[in-house]
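Commentary on secondary and tertiary structure
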Amino acid sequence: MRNKHRLVRAGMVVLLVGGLGACSGGTNGAASGPGSGGHGTATGTQGAPPHPDGVSGLRAGVRHLTRQTTAATRPHRVTTCTPATRQVKHTKRSGRTKKTWYTTEHYQDCHQTTRGTESYRRVIRPERWCVKLDDVNGDPKKDAVWYRVTSATYHQALGADDHARLRFTPTGTGC
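Before going into details, it helps to say that this report is about the structure given with it.

Calculation rules
Here the residue numbers are simple positions, counted from 1 along each chain's written sequence. Whole-chain, interface and lining totals are the exception, using all residues; otherwise, since this is a predicted model, local features are given only for residues with pLDDT of at least 70 and side-chain atom pairs are given and counted only at 80 or more. By convention in this description, side-chain values take in all heavy atoms of the structure and omit both hydrogens and water. Note on aromatic contacts: the rings of Phe and Tyr and the six-membered ring of Trp form a pair at centre separations within 6.5 Å, being stacked when their planes are under 30 degrees apart, edge-to-face when over 60 apart, and tilted otherwise. Put simply, DSSP H or I for four residues or longer makes a helix, DSSP E for two residues or longer makes a strand, and each gets a number counted from the N terminus. In this scheme, a residue with accessible area under 20% of its type's maximum is buried, one over 50% is exposed, and one in between is partly exposed, where area comes from a 1.4 Å probe on protein chains only. The criterion is that NZ of a Lys, or CZ of an Arg, lies within 6 Å of the ring centre and within 35 degrees of the ring normal, and then a charge sits over that ring. Two strands pair under a simple rule: DSSP has to find at least two bridges between them. Here, residues are in contact when the closest pair of their heavy atoms is within 4.5 Å. Every axis in this analysis is a line fitted to C-alpha atoms, fitted for helices over the stretch in contact. Angles between the N-to-C directions lie between 0 and 180 degrees. Note that a disulfide, as used here, is simply two cysteine sulfur atoms within 2.5 Å. Counted as salt bridges are all cases of a side-chain nitrogen of Lys or Arg within 4 Å of a carboxyl oxygen of Asp or Glu. In protein, a polar contact requires one atom able to donate a hydrogen and another able to accept it; more generally it is a pair of N or O atoms within 3.5 Å, and residues adjacent in sequence count only if both atoms are side-chain atoms.

1. Here's the deal with the packing of aromatic side chains
In the structure shown here, the tally under the stated rule is 1 aromatic pair. Both rings, one in Tyr147 and one in Phe168, keep their centres 6.2 Å apart while their planes meet at 75°; by these two values the pair is edge-to-face. Here the residue Tyr147 occupies a position in strand S5 (residues 145–149), and Phe168 occupies one in strand S6 (residues 165–168), the gap between them amounting to 21 residues. By relative accessible area, Phe168 is classed as buried at 8%. Here Arg63 stacks its cationic end above the ring of Trp146, 4.2 Å away from the centre of that ring. Of note, Arg74 hangs over the ring of Tyr120, and the distance from its end group to the ring centre comes to 4.0 Å.

2. Concerning the sheet that holds strand S1 (residues 55–65)
What the 5 strands build is an open sheet, ordered S6-S1-S4-S5-S7; its pairing is antiparallel. Of all the strands in the sheet, the pair left with one neighbour each is S6 and strand S7 (172–173). Pairing of strand S4 (residues 128–134) with S5 involves 5 bridges; the strand directions are antiparallel. Looking across to S5, one finds that Leu133 is bridged to Val145. Together, S1, S4, S5 and S6 form the strand contacts of helix H2 (residues 151–159), whose direction differs from that of S1 by roughly 105°.

3. Here's the deal with the state of the cysteines
Considering all chains together, one arrives at 2 disulfides under this definition. Disulfide partner of Cys81: Cys110, at an S-S distance of 2.0 Å. Its torsion about the S-S bond being 110°, the disulfide of Cys81 and Cys110 is classed as right-handed. Taken as a pair, Cys81 in strand S2 (residues 68–94) and Cys110 in strand S3 (residues 97–125) lie far apart in primary sequence, 29 residues in all.

4. As for the pattern of salt bridges
Under the definition given, this model contains 3 salt bridges. A salt bridge links Glu118 to Arg74; the shortest N-O distance between them is 2.8 Å. In this pair, Glu118 sits in strand S3 while Arg74 sits in strand S2, placing the two residues 44 residues apart along the sequence. Take Glu118: its relative accessible area is 26%, and that puts it in the partly exposed class. Taking the relative accessible area as the measure of exposure, Arg74 reaches 38% and is therefore partly exposed. With its nearest N and O atoms 2.8 Å apart, the salt bridge here joins Glu105 to Arg86. Taken as a pair, Glu105 in strand S3 and Arg86 in strand S2 lie far apart in primary sequence, 19 residues in all. Classification of Glu105 as partly exposed rests on a relative accessible area of 33%. For Arg86, a relative accessible area of 40% gives the class partly exposed.

5. Comments concerning the side chain of Asp134
Tracing the backbone shows Asp134 in strand S4. Of the polar contacts made by the side chain of Asp134, one reaches the backbone nitrogen of Ala144; its length is 2.8 Å.

6. Here's the deal with the pairing of S1
Working note: regular strand, side chains alternate between the two faces of the sheet. Pairing of S1 with S6, which is carried by 4 bridges, proceeds in the antiparallel orientation. Following the sheet pairing, Ser56 is matched in S6 by Arg167. For S1 and S4, the ladder comprises 7 bridges, and the chain directions are antiparallel. If you follow Val62 over to S4, its bridge partner there is Val131.

Given below as structure tokens:
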């Protein structure tokens, strides 16, 4: 009887997971994967989601945006420790008698405290490598679409001729 209930429960879980998977719609026009921000919307100005299987098109341009930083300050945190003691209770049973005694244990009580400020470089804009494509995936209406790519893909596109056919997997859209 127990196995029958287990089998029914497993079947219900499979149906529920299948139904929820069908309702979620997968990527269905929403961006997913690295560079998408994980919020279900495409990042960038074109509104095209990154393609996990890759895109192809004619090279229209390349762009490299360097990392931009600024000087900033933050609280300087230090670990402060002070010696402390605590009472430890010990109990020993022997037949019907119970003996209890206490000892003093020494330890270090440590915690983080703020002591002044420290300077650091805050990143305003991370480094980006971008490639602009025309005729994306063979569609002549999709022109001038920017894709974020890896450094290796950028350098490969940089060495290619203008309007050369490129195929790569983008990390995001827009630049």
